[in-house]
Amino acid sequence: MDRVVPAKPPSRSPLSPPLAPERRQASDYRPLGQMYRVQVTETDEKSPGGIWLPDNYQSPWNEGLVLAAGPGRQVPASPSERSVMWADVGDKVLFLKHGLRHVRDREGLVKDEDVVAVVRLSRGESEPEPLNDWCMVEQDPDVEMAGALIVHAEEWRPKPMSGTLVDFGPGEVRAKGPLAGTRRSCGAIWGLGDDGADDVKGKRCYWDSRCEVLAVGRSHLEFLLIKAGDLYAIEG
């Protein structure tokens, strides 16, 4: 008489469909390494006490409130040290939209190096501050050329590719090598060294139309965020 062997439940192969969202959502979780846990916030034209984004700048970016922060990236050359996490719980951060790892609806994880700017609400501050290798620039005013055949409306007027360097972040995080987890300062990116970087604040800088530019609000004035490596000249 043949023996009947109970069938085993099929195992899930790598190509099996993922579990339903309600079965795989974490009830609670904490970020590790250089990750922030953020609650994504709606971005209006102007966010009270924070960053605001015009319509033509909204698509690549997101705002979020920091709910928790990891301990930082481990530095291979010194296992007991970790990279500094520059945003604190309760701060509002602006980050690259593609850098968000969704965990649940309107909540997820963001790497520290994907954060562009922070509003330190945890300290009672309301002005955005650049992070990583992003620089804050006050753009020069529009200039309509005298005698021009075409007079542009203000919103269509060509913007100058120059402005005053107001502030810059602590530098880009090294991702590989023995110095992974440490930062290359903006001064080092410009070839000025760490000591000479502060001297360029308040001076005019230049960039071109190919670089990535983000408009933010600060004290009801429009400023730009530009990567340090995209500035090609600084006066003085």
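Residues numbered from 1 in each chain as written. Predicted model: local features only at pLDDT ≥ 70, side-chain atom pairs only at ≥ 80, totals over all residues. Heavy atoms only, no water.

## Points about the nonpolar core
Filter applied, for reference: In these notes, a set of buried Ala, Val, Leu, Ile, Met, Phe, Trp, Tyr and Cys residues joined through side-chain atoms within 4.5 Å is what counts as a nonpolar core. Per-residue accessibility, obtained with a 1.4 Å probe over protein chains only, is compared with the maximum for each type, and a residue is labelled buried under 20%, exposed over 50%, and partly exposed between these values. Under the scheme used here, helices are H or I runs from DSSP no shorter than 4 residues and strands are E runs no shorter than 2 residues, and both carry numbers assigned from the N terminus. Contact criterion: two residues are considered in contact whenever any of their non-hydrogen atoms come within 4.5 Å of each other.
With 18 residues, the main nonpolar core has Cys135, Leu165, Phe168, Trp190, Trp207, Ile226 and Leu231 as its most contacted residues. Contributions of two or more residues to this core are made by β10 (134–139), β11 (162–168), α2 (186–190), β15 (213–218) and β16 (221–227). In contact with Phe168, other than residues within four places in its own chain, are Pro130, Trp134, Cys135, Cys186, Trp190, Ala197, Asp198, Val200 and Lys201. Counting 13 residues, the second-largest nonpolar core is a separate cluster that includes Val66, Met85, Val115 and Leu131.

## Here's the deal with the sheet that holds strand β1 (residues 35–41)
Rules: Strands pair, by our definition, only if DSSP identifies at least two bridges between them. What counts as an axis is a line fitted to C-alpha atoms, over the stretch in contact for a helix, and the angles between N-to-C directions run from 0 to 180 degrees.
The sheet built from seven strands is open, its strands ordered β6-β7-β1-β2-β5-β8-β9 with antiparallel pairing. Each edge of the sheet is formed by a strand with only one pairing partner; in this case those strands are β6 (101–104) and β9 (128–130). Going across the sheet, the axis of each strand differs from the next one's by a mean of 40 degrees, ignoring polarity. One ladder, built from five bridges, connects strand β2 (residues 61–69) with strand β5 (residues 92–96); its direction is antiparallel. Of the residues in β5, the one forming a bridge with Leu65 is Lys92.

## Describing the packing of aromatic side chains
Our working rule: Side-chain rings of Phe, Tyr and Trp, where Trp is taken by its six-membered ring, are said to pair if the distance between their centres is within 6.5 Å; with planes under 30 degrees apart they count as stacked, over 60 as edge-to-face, and otherwise as tilted. We count a charge as sitting over a ring when the NZ of a lysine or the CZ of an arginine lies within 6 Å of the ring centre and within 35 degrees of the ring normal.
Taken as a whole and assessed by the stated rule, the structure comprises one aromatic pair. Taken together, a centroid distance of 5.3 Å and an interplanar angle of 85 degrees make the contact between Phe168 and Trp190 edge-to-face. Highlighted residues: Phe168 in strand β11 and Trp190 in helix α2, separated in sequence by 22 residues. We note that Phe168, like Trp190, is buried. The lysine or arginine in question, Arg37, covers the ring of Tyr29, its NZ or CZ lying 4.1 Å from the ring centre.

## Considerations on a negative patch on the surface
Operational definition: Patch definition: residues above 30% relative accessible area lacking any salt bridge, with like charges linked at up to 9 Å and the nonpolar side chains Val, Leu, Ile, Met, Phe, Trp and Tyr linked at up to 5 Å. Working definition of accessibility: Shrake-Rupley area with a 1.4 Å probe, residue cover restricted to the visible protein chains. Each reported salt bridge corresponds to a side-chain nitrogen of Lys or Arg within 4 Å of a carboxyl oxygen of Asp or Glu. Charge assignment in this entry is limited to Lys and Arg as positive and Asp and Glu as negative, and neither His nor the chain termini are counted. Where a charge lies is defined by one atom per residue type: Lys uses NZ, Arg uses CZ, Asp uses CG and Glu uses CD.
Together, Asp194, Asp195, Asp198 and Asp199 line one region of the surface with negative charge. Examined against the element boundaries, Asp195 turns out to sit in helix α3 (residues 193–196).

## Some thoughts on the confidence of the model for the protein
The following threshold applies: Summary of the metric used: pLDDT quantifies the predictor's per-residue confidence within the range 0 to 100.
Here the protein shows a mean pLDDT of 77. Residues at 70 or above account for 70%. Least confident of the elements in the protein is helix α1 (residues 21–24), whose mean pLDDT is 44; most confident is strand β14 (residues 204–206), at 94. When the criterion is pLDDT under 50, residues 5–24 qualifies, and its contacts beyond four places in sequence or with other chains add up to four contacts.

## Considering the side chain of Gln34
Here Gln34 is to be found in the loop between α1 and β1. A residue is classified by how much of its surface remains accessible, and Gln34, at 12% relative accessible area, is buried. Once residues lying within four places of it in the same chain are set aside, the contact partners of Gln34 are Gly72, Arg73, Met85, Val110, Lys111, Asp112 and Glu113.

## Focus on the pairing of strand β8 (residues 115–119)
Burial of β8 is extensive: five of the five residues sit out of reach of the surface. The pairing of β5 with β8 spans four bridges and is antiparallel. Along β8, the bridge assignment pairs Phe95 with Val115.

## Some details on the pattern of salt bridges
A side chain of one charge can pair with a side chain of the opposite charge when the charged atoms of the two come close. Throughout the structure, instances matching the rule amount to 16 salt bridges. Asp112 is the salt-bridge partner of Arg183, the closest N and O atoms lying 2.7 Å from each other. Of this pair, Arg183 sits in strand β13 (residues 183–184) while Asp112 sits in the loop between β7 (107–111) and β8, placing them 71 residues apart in sequence. Here Arg184 makes a salt bridge to Glu172, at a shortest N to O gap of 3.1 Å. Taken together, the residues span a long stretch of sequence, with Arg184 in strand β13 and Glu172 in strand β12 (residues 172–173) at a distance of 12 residues. Exposure remark for Glu172: the relative accessible area of 26% places this residue in the partly exposed category.

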